[in-house]
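Commentary on secondary and tertiary structure
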Protein chains: 2
Amino acid sequence: MFRARSTEPSLSSQTETIEALFEGAARLASETLEENRAGRGPVVRRLSPEELGRALELELPAEGRGLECVLELAAKTLRYSVQTGHTRFTNQLFGGADPAAIVGEWIAALSNTSMYTFEAAPVGTLVELALLDKLNDFVGFSEGEGVFAPGGSISNLMCVLAARQRAFPHIKREGLRPEDRPVMFVSEESHYSLERAGLVAGIGTDGTVLVAVDEVGRMRPEELERSIASERAKGRTPFFVAATAGTTVAGAFDPIADIADVTESQGLWLHIDGSYGASALLSRRQRGLLAGCDRADSMTWNPHKMMGVPISSSATLMRTKGSLEETLGMHADYLFHGNSDNAYDLGDRSLQCGRRVDALKLWFSWQVQGDRGFEERIDALFGQAARFRELMEERPGFRLIREQEGTNVCFRYLHREKRGAEGSERDLHEHAATLAIRAQLAEEGSFLVNYASLDGAATFRFVAANPETGDEDLTALLEAIEAAD
Amino acid sequence: MFRARSTEPSLSSQTETIEALFEGAARLASETLEENRAGRGPVVRRLSPEELGRALELELPAEGRGLECVLELAAKTLRYSVQTGHTRFTNQLFGGADPAAIVGEWIAALSNTSMYTFEAAPVGTLVELALLDKLNDFVGFSEGEGVFAPGGSISNLMCVLAARQRAFPHIKREGLRPEDRPVMFVSEESHYSLERAGLVAGIGTDGTVLVAVDEVGRMRPEELERSIASERAKGRTPFFVAATAGTTVAGAFDPIADIADVTESQGLWLHIDGSYGASALLSRRQRGLLAGCDRADSMTWNPHKMMGVPISSSATLMRTKGSLEETLGMHADYLFHGNSDNAYDLGDRSLQCGRRVDALKLWFSWQVQGDRGFEERIDALFGQAARFRELMEERPGFRLIREQEGTNVCFRYLHREKRGAEGSERDLHEHAATLAIRAQLAEEGSFLVNYASLDGAATFRFVAANPETGDEDLTALLEAIEAAD
């Protein structure tokens, strides 16, 4: 049945253009990676939105420019992008650039299929299922299931919805009943996507109670217990508790086992937002941070953070098979044909219909790294954060603001001339210094390191996310902070 | 401040491996594209899940295999993937492979940044804003806004949430009040994601009324009006109507202007699910199918369907600036720092936090094609569907099941030996033939064409999605159907 159609001249000349284009893109990729891995060049070439708009020549033309313009566009894009693979980018919860995973993304784009059915995406489906099994093994969900989502926020939303479905089984058909009055619990340092998931689910931000944290940033289980009792007393129905493994700002790990004691005795759904920190499970040295996670009902785990694959890679994991389909399944017959392969279809477990093959990059990366490679990577990141803290504490003027539990180091710097200050005066000086120094480094493009508000004052947040960042980079960052105006 | 670090031997030898890897991937990409564009090779090498699992050697190893295995994995992935770029893939609402867009995806993966802030994704942010302006221009949202989402389902969900927020402004903080009793309206041939968006939003599938369609598959405006009145009489509060531009199965276009007359007089939010068909706006000949769309409040438009860029590319468009932030904004201060560039931040308009730079591929493609190139593409797809219908109607045994309005052709085939049958007997024979023939073609890998249930019987759905599919392919599909056992 297959044909060998004679190649028309126009097709063949376009074939050569496409070959040249792909080869050019591959060269650009190698060069970019090499520069960033060697720590050459700026972390960012900072322009204002107006300047950048001019430099990019954004306008979308009425008449096309032909394939020839693509490499120029690609080079321009890379030139003005933040070099998140640079060893001096410590700004977000991700960093580095895994060449195997990058090729995984290329192949996913090239094969361009959609994850709703095994029929449409046979390779993607099996790969995703294998990865979900592997991740569930690390969590301890021995009878678990899951699906990939386009990020931690959507994964968290799906888990809130699954919990809502379990607690209020009429929800799917009837919606919320007036007597339901659902209420959920997260720590006051949890990610905003959880509170917003409640909003989306129709319970409003008032339906989420923020539980107080300890001095490290960990949810206090006794406060959780108190909050649950207090909400029950008001006639509301607690249904969901999220523990966070790796909070966004401080990198703290909520005490999961203690929280599980509470949720189990109260009959509540326990979710773990491990978007950031679940990857600690890959390290025998660090996995104790998540002790008790196998007692949770669901978990979000983003390999695009600590595991270094490109955005987005987010696993939504469930302890119990069938939970996702029960929550989200719609059984559209134009898509799901009910034949034997349909047992593999992931569409009815997902909040999406069409869905990119995000699993491929992680599969490629896992084959290259193995469990051991990922373990080394995680250990290196924890080690790097500890090392940064050490180097920092050796220098006057720097102080740690939160105990470093994960791979974040939250610190402030007091300028030489202000060293006498104490209390709120010191906080004020540090606050101003953080903002000014951080902006100056970003402006120069020498370092990108983020800040957040902690205890009311701006605080540097260094994130160890790229294992190629070395002592030299760490020291240089501290020196640059000292040298800033 | 930039350094020139001496290159260590290990780094440099890895550099060579990475160069070879990227070059190999580029070669694989060229070869795959050439095969598919020339229509060589099977559309799919069909294996059962068990056979495929063995062929892929799925197992995730404890010890890594090193970068050397990546090209082998890539080749295997492509070998067993459905060739959605093949000229004989007419199975889904997307097809073809745009080399410029593919390179756009490569560069997005390589630069690996996240769309929450202008600071983290300066290029992606400006490119997305420029594309949103362009798409809004075509819709006629002259003061509009928008954001990209990971697919039509999530875009539709965001639009339902925006409508819910407008109608019930207390929702964001308080959640649904018992007296709210919201109800929404979609056509009975709309995509399941809309009904599920209602479920997610807390109103349940019972909160969505399915409005009857005409013989082409278009929502009947008089039925909509009747349904709204009937729901009001029950004490429920209508808040949202979705018209569909390009239904999933039949490719029908709901009569937007007539529906807008209803929603305007009733004070309801009008959404257009143009996931599939909004691209008709790019063609001067076809845009009349969406006449009145500028009167809608929101619209979903997926360039990853008719416009041929890889999945996912989905624009969520709003007629009124500020709608998305009002609905979803959480103002997390660790991310959104409140400086002047923050006016450009897209994070608070999105249901995601971290988000891939999906805009890049469409920007590359638009620069290459221009408005005119896209117009030619759309016209070619509509022309191809009309041509297929013509060729089909010339042959005995084939009949059209729905009038062809868009780029779908829904038809059935009656086997030579059964030609005498009529009425329900004919429907039964056609139903069985559709299932059997379709499965046989897929098994051979010669064609992938989908089917769905229409008027109670399985019906072939041919989708014109790849402009490189030619008359030769169309005729061959009809002949293959006739020749099947």
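**Some details on the interface of chain A and chain B**
- Listed per partner, the contact involves 160 residues of chain A and 159 residues of chain B.
- Where chain A packs against chain B, one counts 8 salt bridges.
- A salt bridge links Arg-356 of chain B to Glu-105 of chain A; the nearest nitrogen and oxygen atoms lie 3.3 Å apart.
- Joining chain A to chain B, the criterion identifies 64 residue pairs in polar contact (both at pLDDT 80 or more).
- Of the residues forming the side of chain A that touches chain B, the biggest block, 17 residues, is contributed by helix H1 (residues 9-37) of chain A.
- Partitioned by chemical class, the residues of the side of chain A that touches chain B number 80 nonpolar, 45 polar and 35 charged.

**Notes on the relation of the copies chain A and chain B**
- In the superposition of chain A on chain B (RMSD 0.0 Å, axial shift 0.0 Å), the rotation amounts to 180 degrees. The relationship between the two copies is best expressed as a two-fold rotation axis.
- Taken as a fraction of all interface residues of chain A, those also at the interface in chain B reach 99%, which identifies the copy contact as same-surface.

**Quick notes on the domain arrangement of chain A**
All names here are of chain A.
- The domains assigned to chain A are domain 1 (20-44 + 82-97 + 370-485) and domain 2 (114-356).
- Computed from C-alpha coordinates alone, the two centres of domain 1 and domain 2 are separated by 30 Å.
- Taken together, the 23 residues of domain 1 in the interface contact 29 residues of domain 2.
- Interface area, domain 1 with domain 2, both sides summed: about 2,400 Å², of which 56% is carbon and sulfur.
- Our count for the contact surface shared by domain 1 and domain 2 stands at 5 salt bridges.
- A salt bridge links Asp-371 to Lys-134, with the nearest nitrogen and oxygen atoms 3.1 Å apart.
- Seen at the junction of domain 1 and domain 2, the total is 13 residue pairs in polar contact (both at pLDDT 80 or more).

**Description of helix H5 (residues 122-139) of chain B**
- Helix length check: H5 of chain B, at 18 residues, gives a terminal C-alpha distance of 26 Å against a target of 26 Å (1.5 Å per residue), a fit within 8%.
- Remark: Gly-140 of chain B follows H5 of chain B within two positions and exhibits a positive phi of approximately 95 degrees.

**Points about the sheet that holds strand S9 (residues 398-400) of chain B**
Residues and elements named next belong to chain B.
- In spatial order, the strands read S1-S11-S12-S10-S9; together these 5 strands make up an open sheet with mixed pairing. Among the strands making up the open sheet, the edge pair consists of strand S1 (89-90) and S9.
- Direction of pairing for strand S11 (residues 448-454) relative to strand S12 (residues 457-463): antiparallel, over a ladder of 5 bridges. The residue bridging Leu-454 from the neighbouring strand is Ala-457, located in S12.
- Along the sheet face, helix H12 (residues 359-393) touches S9, strand S10 (408-413) and S12 and points at about 15 degrees away from the line of S10.
- Against the sheet, helix H13 (residues 423-444) contacts S9, S10, S11 and S12, and its axis sits at roughly 50 degrees relative to S12.

**Comments concerning the sheet that holds strand S2 (residues 145-149) of chain A**
Residue and element names in this part refer to chain A.
- A sheet is described by the order of its strands in space; here 7 strands give the open sequence S2-S8-S7-S6-S5-S3-S4, paired in mixed fashion. What marks the edges here is a single partner per strand, and that holds for S2 and strand S4 (208-211). Looking at each pair of strands side by side, their axes are set apart by 20 degrees on average, direction ignored.
- Packed on one face of the sheet, helix H6 (residues 152-167) meets S2, strand S3 (182-187), strand S5 (237-244), strand S6 (269-274), strand S7 (298-301) and strand S8 (314-318) and runs near 15 degrees to S8.

About the criteria used
Residues numbered from 1 in each chain as written. Chains lettered and ligands numbered in written order. Predicted model: local features only at pLDDT ≥ 70, side-chain atom pairs only at ≥ 80, totals over all residues. Heavy atoms only, no water. Contact = heavy atoms within 4.5 Å. Salt bridge = Lys/Arg side-chain N within 4 Å of Asp/Glu carboxyl O. Polar contact = N/O pair within 3.5 Å; in protein donor to acceptor, adjacent residues only side chain to side chain. Helix = DSSP H or I, 4+ residues; strand = E, 2+ residues; numbered from the N terminus. Nonpolar A, V, L, I, M, F, W, Y, C, P; charged D, E, K, R; others polar. Least-squares fit on C-alpha atoms with pLDDT ≥ 70 in both. Domains from an automatic or database assignment. Buried area = accessible area lost by both parts, 1.4 Å probe. Expected span 1.5 Å × (residues − 1). Pairing = 2+ DSSP bridges. Axes fitted to C-alpha atoms, helices over the stretch in contact; angles between N-to-C directions.

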